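Remarks on the overall topology
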There are 2 protein chains.
Amino acid sequence: MQTTVTVHAPATIANVGCGFDVLGLCLTEPYDTVRLTRTDRPGLHIRHLDDYDLPTDPNRNVAGAALLALLRAVPEPLGFEVEITKGIRPGSGIGSSAASAAGAVVAANALLGNRFSPKELIDLAMYGEAVASGVRHADNIAPAICGGFTLVRAVAPVLDVVALPAPPLWVALVHPQFEVRTKDARAVLPVSVPLGLAVRQWANVGGLVAGFLTHDYELISRALDDYIVEPARAALLPGLTDAKRRALEAGALGGGISGSGPSIFMLNKDEATARAAAEALGSVYEKMGIAYHLHVGPIAAEGARVI
Amino acid sequence: MQTTVTVHAPATIANVGCGFDVLGLCLTEPYDTVRLTRTDRPGLHIRHLDDYDLPTDPNRNVAGAALLALLRAVPEPLGFEVEITKGIRPGSGIGSSAASAAGAVVAANALLGNRFSPKELIDLAMYGEAVASGVRHADNIAPAICGGFTLVRAVAPVLDVVALPAPPLWVALVHPQFEVRTKDARAVLPVSVPLGLAVRQWANVGGLVAGFLTHDYELISRALDDYIVEPARAALLPGLTDAKRRALEAGALGGGISGSGPSIFMLNKDEATARAAAEALGSVYEKMGIAYHLHVGPIAAEGARVI
């Protein structure tokens, strides 16, 4: 019986324009690496092989909290040594906590003969998100487990995740090196929205889902716009409007804030356009004198997986 | 050159559960019949071959207003004699005004060698809706022209209508014989909605569109629920909750208020279930001593068409 497994746990983009709190997509890079070893001693022992100084107390670690939930769900007493190497910088807005939590439960599941379904793994990994943000949300966890594009139709009373097969798409992403505190990003959200604006938003969500499923790039481009959350958060993200405009000029279909930021993503038809869009995104922060990382890659068909 | 044409102009269901103001579907029955004859005298002459006592002044008649918009869009002076036979009772909530407006422009287009695209016809027919309700909305017009399920992603600045190929579905519909004034149905709408509720609604819109396009009946069933408009309008519609519950027990996938009511629709996998659901809907109004009409039929693949 295998006692050690290593999992590649990718970054993800939540919201995807108009789909605040419900849509997500999976990237190929960056990614966390989660290595699990079964031990005779029940319980968790967590080590971080990176420099982020994250808590290793299982109750305060996102992978730990997800694994504790998994341990509660199995009848036998189990023990794991957990080694996490974070390739996804915490606070970048591309699902850093979701990747570690998803990677941990996918690794444990592999060691346990795959007794949990993807949906059950999402449910378990959400306990990690609760540690990170106080809320058991699945908009990053779902694509981190399932890959591709996902719609979280409901979290409660029953988790309902829908995979959305989309046409080939390339992501251009810029991560400007400033911090947006999740607390601030939440605080600027409107408590309520005018009905007319909500209607426009759900028209776009319906249009975007239809665009993905019918492989209609033009419709995807028209439907990505977020009328509600992005306008509220724009003030927290210097350069956002300019960066988006330049990436659109470079041929991108559309995009917006990745999660609660500061990363900004753009969807593109092909690699060449994505590279041009990434350059356009970077040029804005270059000019502002803000350090940044760029990422270009396709949507990942597969989520967290054993390597 | 043909100078007379008769068009079958079907009833439609707007909103379709969660999709307030954006989703619509086309029925096979009931329908209006619109007969157009080209005349040498420019302008419109409208007659109603029914007992509804609707205005025949072109500016105040829904078909007339749509045709006047069409006349403004062609270079040559044109004249039409218009005979409308309404099979769809005004105020029933199944797109009575949309049918007459759609039928009129489809008829005129046939006499003009089909020079307008479906999208242009929707745009013209919306002038009829403006006469009926004060708003150029397309949620009934789009399915009345295109057939099937439609998503109106945007009306302005550019009309954007998306056809949503769905699996075979049967509609059970009850039209209880009381009036819901559109004004009242509008007045009870919330001015704004809590963000969390709006998120649940757009998750359902995305889920419903995905359910249609992937032919997933179970997902359609889970995603139909309207958290915002139906709760606000329920008080105007005695019997609604009970009728829906009974239809669900009879096997319906889900449903809700058709347009702004009073009709109630339920979607069903097959004809037998739709008949059982219709009977369940009717039984509630039977018991309440409210007269009603029932309708059972498939989704119409085609909208208004020359017969």
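Keep in mind it's a predicted model, so treat the numbers as computed, not measured.

1. Concerning the relation of the copies chain A and chain B
The two copies are related by a screw motion: chain A maps onto chain B through a turn of 180 degrees and a shift of 0.0 Å along the axis, at an RMSD of 0.0 Å. Read as a symmetry element, the transformation amounts to a two-fold axis. A high fraction, 100%, of the interface residues of chain A reappear at the interface in chain B, so the copies pair face to face through one surface.

2. Observations concerning the interface of chain A and chain B
Of the residues lining the interface, 36 residues belong to chain A; the matching set on chain B comes to 36 residues. Between chain A and chain B, roughly 2600 Å² of surface is buried when both sides are summed, and carbon and sulfur atoms account for 74% of that area. Looking at the side of chain A facing chain B, the largest losses of area belong to Arg153, Leu195 and Trp202 of chain A, adding up to 30% of the total buried there. Ionic pairing is found between Arg222 of chain A and Asp160 of chain B, a salt bridge with its closest N-O pair at 2.6 Å. Counting every contact that joins chain A to chain B gives 11 residue pairs in polar contact (both at pLDDT 80 or more). Secondary structure elements with two or more residues in the side of chain A that touches chain B: strand S5 (149-154), strand S6 (160-164), strand S8 (192-194), helix H6 (195-213) and helix H7 (217-223) of chain A. For the side of chain A that touches chain B, the leading source of residues is H6 of chain A, giving 13 residues. Pairing geometry for S8 of chain A and strand S8 (residues 192-194) of chain B, over three bridges, is antiparallel. Within S8 of chain B, the residue paired with Val193 of chain A across the bridge is Val193 of chain B.

3. Focus on helix H9 (residues 240-249) of chain A
Residue and element names in this part refer to chain A. If you check which residues of H9 are buried, you get Leu240, Ala243, Lys244 and Ala247. All buried residues of H9 lie within an arc of 95 degrees about the axis, which places them on one face of the element. In H9, the exposed positions that point more than 90 degrees away from the buried face belong to Thr241 and Glu249. Following H9 by one or two positions, Gly251 adopts a phi angle in the positive range, close to 110 degrees.

4. Description of the domain arrangement of chain A
All names here are of chain A. Each domain of chain A was delimited in the assignment, giving domain 1 (4-164 + 302-306) and domain 2 (170-298). Facing 24 residues of domain 1, the contacting portion of domain 2 comprises 31 residues. Contact with domain 2 buries surface across domain 1, with Cys18, Phe20 and Leu164 losing the most and accounting together for 27% of the total. In this structure, Arg186 engages Asp21 in a salt bridge whose closest nitrogen and oxygen atoms are separated by 3.6 Å. Here domain 1 is connected to domain 2 by eight residue pairs in polar contact (both at pLDDT 80 or more).

Calculation rules
Residues numbered from 1 in each chain as written. Chains lettered and ligands numbered in written order. Predicted model: local features only at pLDDT ≥ 70, side-chain atom pairs only at ≥ 80, totals over all residues. Heavy atoms only, no water. Least-squares fit on C-alpha atoms with pLDDT ≥ 70 in both. Contact = heavy atoms within 4.5 Å. Buried area = accessible area lost by both parts, 1.4 Å probe. Salt bridge = Lys/Arg side-chain N within 4 Å of Asp/Glu carboxyl O. Polar contact = N/O pair within 3.5 Å; in protein donor to acceptor, adjacent residues only side chain to side chain. Helix = DSSP H or I, 4+ residues; strand = E, 2+ residues; numbered from the N terminus. Pairing = 2+ DSSP bridges. Buried < 20%, exposed > 50% of the residue type's maximum accessible area, 1.4 Å probe, protein only. Arc of directions from axis to C-beta. Domains from an automatic or database assignment.

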